[in-house]
Amino acid sequence: AHALQEAASARLALRNDLKAALHITAPAPQELLLHYQPQINAQGQLHGVEALVRWNHPQQGLIPPGAFIAEAEASGLIVPLGNWVLLEAAAALRRWQTESGHATWAQPLTMAVNVSPRQFREPDFVDRVCATLEQLGLNALSLELELTESVVADDLEATLAKMQLLRQYGVRFALDDFGTGYSSLSYLKHLPIDTLKIDRSFVMDIDAQAPTSPGGKRPAVLIEAIIAMAHQLNMQVLAEGVETPAQLAHLKASGCDIFQGYFFSKPLPEGLLLPWASQRSQE
Ligand code: C2E
Ligand code: CA
Ligand code: CA
Ligand code: CA
């Protein structure tokens, strides 16, 4: 009981600290920040980036999202957090566009932003996305919202209506962590999804040294099936968590369109993205 109490009070402390961190008052040092992980297309060009939130806690140091997103979701703080992420990611893209004059990438560079179920369900979500794009003068085509299967499975009708509305403005959608949820596949053909993101767990199964697994099945057979299905549905496929040349080679041979993972780059602070991109294009 004592341990439970301690865990509960630690969660409460984290929640209060997160509340404080969300009061982003100008002169105070900013605790929340975004890193951006490059996404590379099959031609080797920078296709886009995924915005990933980090929390620089005053006492605990850098806390990864895995340690506070669930708590933020449970407490509802995910809504202001998600709104801040959207605004900051859009602003960063605008700053890169201004700085680079578009020179270093295939246009338009996509900014992928994670949207939690609770955030997506907010009645003013569509308005907020549109207002953010307008405020920054960003083309909607450069924004890709990443939804998970749980959002979609939640309430298909309502989800579909919201997605279609945003789609009319040009906003794109990715289905995140594909293959890890329990939802049925039947919803896939109804939704305006542009990109299917194959979860890292499938990519980890690829191993060039072991063409067959102990069970006798080729480990990557599911990846090939997912890619074929996605292409039939006119979706592009992005593989996440690509770490090795063997994984990349296999994914390319299987027809995967876009790649993201440590093999190319870890998530980078805003100021390092343009230098990274221009160095790459000179190689
Ligand atoms: P995700 O959306 O699946 O994001 C990919 C995660 O995999 C990131 O972890 C990224 O740093 C990590 N990763 C990328 N490439 C590799 C690789 O090659 N190897 C390995 N081992 N890992 C790789 P991160 O940044 O810790 O984020 C964890 C999760 O937190 C994200 O998973 C996402 O679900 C959530 N998250 C992050 N930022 C946000 C946000 O702004 N809003 C919401 N709602 N969720 C977020
Ligand atoms: Ca994601
Ligand atoms: Ca993912
Ligand atoms: Ca994942």
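See the structure shown above.
Basis of the calculations
- Residues numbered from 1 in each chain as written.
- Chains lettered and ligands numbered in written order.
- Predicted model: local features only at pLDDT ≥ 70, side-chain atom pairs only at ≥ 80, totals over all residues.
- Heavy atoms only, no water.
- Near = heavy atom within 4 Å.
- Polar contact = N/O pair within 3.5 Å; in protein donor to acceptor, adjacent residues only side chain to side chain.
- Areas by Shrake-Rupley, 256 points an atom, 1.4 Å probe, with all protein chains shown as cover.
- Helix = DSSP H or I, 4+ residues; strand = E, 2+ residues; numbered from the N terminus.
- Nonpolar A, V, L, I, M, F, W, Y, C, P; charged D, E, K, R; others polar.
- Core = buried A, V, L, I, M, F, W, Y, C linked by side-chain atoms within 4.5 Å.
- Buried < 20%, exposed > 50% of the residue type's maximum accessible area, 1.4 Å probe, protein only.
- Contact = heavy atoms within 4.5 Å.
- Axes fitted to C-alpha atoms, helices over the stretch in contact; angles between N-to-C directions.
- Parallel < 35°, antiparallel > 145°, perpendicular 65-115°, else oblique.
- Left-handed = near helix turned anticlockwise from the far one by under 90°.
- Lys, Arg positive; Asp, Glu negative; His and termini not counted.
- Salt bridge = Lys/Arg side-chain N within 4 Å of Asp/Glu carboxyl O.
- Donors = N, O, S within 2.8 Å, 3.2 Å for Na, K, Ca; no water.

A.B. asks: Break down the site of ligand 1 for me, citing the residues and quoting the values.
C.D. replies: Around ligand 1, the structure places 20 residues, and the nearest of them are Gln-37, Arg-54, Arg-200, Glu-243 and Tyr-262. In the environment of ligand 1, an oxygen atom lies 3.2 Å from a nitrogen or oxygen atom belonging to the side chain of Asn-114. Here an oxygen atom of ligand 1 and a side-chain polar atom of Asp-176 are 3.1 Å apart. Taken by itself ligand 1 offers 810 Å² of open surface, and the protein chains cover 80% of this. Here the shell around ligand 1 takes four residues from strand E2 (residues 46-57), the largest share from any one element. Looking at the shell around ligand 1, its residues break down into eight nonpolar, five polar and seven charged.

A.B. asks: If you had to explain the nonpolar core to someone new, which residues and values would you point to?
C.D. replies: Counting 82 residues, the largest nonpolar core has Trp-96, Met-111, Val-129, Leu-145 and Leu-251 as its most contacted members. The biggest single contributor to this core is helix H3 (residues 78-100), with 12 residues. Filtering out sequence-adjacent residues up to four positions away, Met-111 remains in contact with Tyr-36, Val-49, Ala-51, Ala-89, Leu-93, Trp-96, Ser-142, Leu-143 and Glu-144.

A.B. asks: Would you mind going over the packing of H3 against helix H5 (residues 125-136) in detail, with residue names and values included?
C.D. replies: In the contact formed by H3 and H5, the axes pass within 10 Å of each other and the chain directions differ by 30 degrees. Accordingly, the angle class assigned to the pair H3 and H5 is roughly parallel. For the pair H3 and H5, the sense of crossing is right-handed. Where H3 approaches H5, its residues Asn-83, Leu-86, Leu-87, Ala-90, Ala-91 and Arg-94 are matched on the opposing element by Arg-128, Val-129, Thr-132, Gln-135 and Leu-136.

A.B. asks: Could you give an account of the side chain of Asp-176, naming the residues involved and the relevant values?
C.D. replies: Here Asp-176 shows up in strand E6 (residues 172-178). One buried charge, Asp-176, has no salt-bridge partner; the nearest side chain with opposite charge is Lys-197, at 4.3 Å. With residues near it in sequence (within four places) discarded, Asp-176 still touches Asn-114, Glu-146, Leu-147, Thr-148, Glu-149, Lys-197 and Glu-240.

A.B. asks: Break down the coordination of the calcium ion (ligand 2) for me, citing the residues and quoting the values.
C.D. replies: Protein-derived ligands of the calcium ion (ligand 2) are Glu-50 (OE), Asn-114 (OD1), Glu-146 (OE) and Asp-176 (OD), with the metal-ligand distances lying across 2.2 to 2.3 Å. Linear spacing of the donor residues for the calcium ion (ligand 2) on their chain is E-x63-N-x31-E-x29-D.

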